[in-house]
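Structural characterization, general
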Amino acid sequence: METIPLNSPDKEFIREVQERSGQNVLTCYQCGNCTAGCPYNFAYDISVSRVMRLVQLGQREAVLKSHSIWLCASCQSCTTRCPNNIDVAKIMDVLRHMAREAGYATERNIKAFGDAFLESVEKHGRVYELGVTASYVCKTGRFWTDIDLAPAMLPKNKLSIKPHEIRGKEHVSEIFKRFRERDIAKENR
Amino acid sequence: MSISVGYYPGCSGSGTSVEYDKSTRAVCKKLGIELNDIDDWSCCGSTPAHTVNHTLSAALSARNLVLAAKQGQEEVVTPCPSCLANLRTASRKIEDETYRPKVEALLDESCEKAATVASTLQLIVEKVGMDAIKKAVVKPLKDLNVACYYGCIMNRPPELMQFDDSENPMAMDNIMEACGATVLPFPLKVECCGAAGGMPRKDLVTELSGRLLDVAASLNTEIIVTACPLCQMNLDLRQGQVNRANGTSYDIPVVYFTQLLGLALGLSAEEVGLSKLVVDPTPRLRFAGVL
Ligand code: SF4
Ligand code: SF4
């Protein structure tokens, strides 16, 4: 197991997580309820209650480089069951935002899938499944990922061949444009 | 009874879950609910948006709530729990006067007038009610053992969703019972199926959906009933992948609650889109005398 040096807490990191999530991470007393209910715990490198502890201890690198924050599916089990009413899932979300901004993406394929999805929304206003798949394949080179589903899906007409364009697609793409221009992430702090 | 609300079908409704959209519309019509599509609705951004930024996510959802209000709808319903979570979160953000300007800045539009949001499941439970459903049933689902699977976010977190129980939801159980089915006590009702991990990390889906199918099989479940496009896809379309990964050979149909409810209300297999399902439910439904 990796050891984590605790002698230099990054206070700025603690403050930033608290402010961007609106949660008081210091009230976590490590009861482990969040971890006990986390369906992804089997795949996590750092369990969700340990992520909370590492945030309290100001361990920026260890937290932002963990795989767990990308694997979290936002299932809300932790938030629902935390006895201190901490919105743990929201903290996991905020940690992902911060990891993105810092250029970390320890689960490259998960990030690529999310990016492909949003690009499709930005372009068409609605998500276009085949487009997302094609773009995901380009980003990751994983062509065979779901090819075994095609015989089940194609005869059911469940994949639309054409994008679902909407009249207001420019309005939607402008939301993304303004988002990038304004750098909302920083404003949130 | 006449109820009229705004309707947000969500992107999967015109793709991977056409049968959910189709059966939802048919059931609502049958129950006297008028669904008015939000004209020119756009994607809520789903999970990817909120993992990038909360204000971006809120703005993508808010566009639809503002559109709905402009079209005269005070309330919008959606069948998809993931859309529901995003729309509700956005709704809460624009009610907050200190947060609203951030969303308005991205939208370039006022959010003061925006519709509220609920699930179609909640609408049916609260506005129609079990007594009315019981009365409307013409083809009881008797001799059918069903397990109702809600997925993780239909009722969670409870402060946000404000509907049913976050650990042991009963809305679909009650509807199925009102339709005459035998509802099994399914202990993994709110566990996660692997969500959108399917494409990037199939191993997570086969593990988590595998657990759900294992438990359903151990209860002698004949049909799994769902309310979420992603859950339905992982359990139905990916059931073969799950079987291959785990060395199992399950063959359990996974249907939307609106499909079974529709059949009980006298709609045809075609009207509820049964042929769109991958694991064919017709042998069991025929055996139970529903088809
Ligand atoms: S459930 Fe809450 S208090 Fe308990 S360990 Fe998790 S975050 Fe901390
Ligand atoms: S929201 Fe994420 S961290 Fe919390 S229980 Fe679900 S998967 Fe685990």
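Residues numbered from 1 in each chain as written. Chains lettered and ligands numbered in written order. Predicted model: local features only at pLDDT ≥ 70, side-chain atom pairs only at ≥ 80, totals over all residues. Heavy atoms only, no water.

Examining the site of ligand 1
The environment of ligand 1 is formed by 13 residues, the closest being Cys28, Cys31, Gly32, Cys34 and Cys82 of chain A. Counting residues per element, the ones that place at least two in the shell around ligand 1 are α2 (33–37) and α3 (48–56) of chain A. (Near = heavy atom within 4 Å. Helix = DSSP H or I, 4+ residues; strand = E, 2+ residues; numbered from the N terminus.)

Topic: α3 of chain A
Residues and elements named next belong to chain A. Counting buried positions along α3 yields seven of nine residues, so the element is predominantly enclosed. Residues Val48, Ser49, Val51, Met52, Leu54, Val55 and Gln56 constitute the buried set of α3. Contacts made by the buried residues of α3 are with α1 (11–21), α2, α4 (60–64) and α7 (88–101). Remark: Gly58 follows α3 within two positions and exhibits a positive phi of approximately 65°. (Buried < 20%, exposed > 50% of the residue type's maximum accessible area, 1.4 Å probe, protein only. Contact = heavy atoms within 4.5 Å.)

What to know about the pattern of salt bridges
Applying the stated criterion to the full structure yields 21 salt bridges over all chains. Note that Arg167 of chain A and Asp39 of chain B form a salt bridge whose closest N and O atoms lie 2.8 Å from each other. With Arg167 of chain A in the loop between α10 (150–153) and α11 (169–182) and Asp39 of chain B in the loop between β2 (33–37) and α2 (46–52), this residue pair bridges two chains. For Asp39 of chain B, a relative accessible area of 39% translates into the label partly exposed. For Arg25 of chain B, the salt bridge goes to Asp37 of chain B, with nearest N and O atoms at 2.8 Å. Taken as a pair, Arg25 of chain B in helix α1 (residues 18–30) and Asp37 of chain B in strand β2 lie far apart in primary sequence, twelve residues in all. With a relative accessible area of 35%, Asp37 of chain B lands in the partly exposed category. When salt bridges with common partners are traced through the structure, they connect Glu12, Arg15 and Glu19 of chain A into a single cluster. (Salt bridge = Lys/Arg side-chain N within 4 Å of Asp/Glu carboxyl O.)

Focus: the UniProt feature "domain: Cysteine-rich" (unreviewed entry) in chain B
UniProt annotation of "domain: Cysteine-rich" (unreviewed entry) refers to residues 5–88 and 146–236 of chain B when read in the numbering used here. Structurally, residues 5–88 of chain B is divided into 54% helix and 14% strand, and its ends, taken at the C-alpha atoms, are 16 Å apart. (UniProt positions renumbered as here; feature names shortened; annotations may be inferred.)

Concerning the packing of aromatic side chains
Residues and elements named next belong to chain B. Inspection of every chain in the model, using the stated rule, returns four aromatic pairs over all chains. Ring centres of Tyr8 and Trp41 lie 5.2 Å apart, and the angle between their planes is 70°; this geometry places the pair in the edge-to-face category. Separated by 33 residues along the polypeptide, Tyr8 in the loop between β1 (3–7) and α1 and Trp41 in the loop between β2 and α2 bring together distant segments of the chain. There is no split in this pair, since Tyr8 and Trp41 are both buried. An angle of 75° between the planes, with centres 6.5 Å apart, marks the rings of Tyr20 and Phe257 as edge-to-face. Residue Tyr20 is located in helix α1, and its partner Phe257 is located in helix α13 (residues 257–264); the two are separated by 237 residues in the primary sequence. Taking relative accessible area as the criterion, Tyr20 reaches 2% and is therefore assigned buried. When its relative accessible area of 0% is taken as the criterion, Phe257 is described as buried. (Phe/Tyr/Trp six-rings, centres within 6.5 Å; stacked < 30°, edge-to-face > 60°.)

Some points on the nonpolar core
With 136 residues, the main nonpolar core has Leu95 of chain A together with Ile133, Ile175, Met176, Phe257 and Leu260 of chain B as its most contacted residues. Among the elements that take part in this core, helix α3 (residues 54–70) of chain B stands out by supplying nine residues, more than any other. Here Ile175 of chain B is in contact with Leu121, Ile124, Val125, Met130, Ile133, Phe257 and Leu261 of chain B, once residues within four sequence places are set aside. Among the nonpolar cores identified, the runner-up in size contains 15 residues, and Ala147, Tyr149, Ala216 and Cys231 of chain B belong to it. (Core = buried A, V, L, I, M, F, W, Y, C linked by side-chain atoms within 4.5 Å.)

A closer look at the interface of chain B and chain A
Opposite the 62 residues of chain B that make contact, chain A presents 58 residues. Across the interface of chain B and chain A, roughly 5,400 Å² is buried in total on both sides, 60% from carbon and sulfur atoms. In this assembly, chain B and chain A are joined by three salt bridges. Of all elements in the fold, only α2, α3, α5 (100–107), α10 (202–218), α11 (229–237) and α12 (239–246) of chain B reach the threshold of two or more residues within the side of chain B that touches chain A. (Buried area = accessible area lost by both parts, 1.4 Å probe.)

Here's the deal with the pairing of strand β5 (residues 145–149) of chain B
All names here are of chain B. Burial analysis of β5 places four of its five residues in the buried class, which makes it a mostly covered element. Bridge count between β5 and strand β6 (residues 182–183): two bridges; the pairing is parallel. Paired with Asn145 across the strands is Thr182, a residue of β6. As defined by bridge partners, β5 adjoins strand β7 (residues 223–226) across four bridges and the pair is classed as parallel. Note on β7: the bridge partner recorded for Ala147 is Ile224. (Pairing = 2+ DSSP bridges.)

Focus: the sheet that holds strand β8 (residues 254–256) of chain B
All names here are of chain B. Pairing within the open sheet is parallel, and its four strands lie in the order β6-β5-β7-β8. Looking along the sheet, the strands with just one partner apiece sit at the ends: β6 and β8. Along the sheet, α11 makes contact with β5, β7 and β8, crossing β8 at roughly 160°. (Axes fitted to C-alpha atoms, helices over the stretch in contact; angles between N-to-C directions.)

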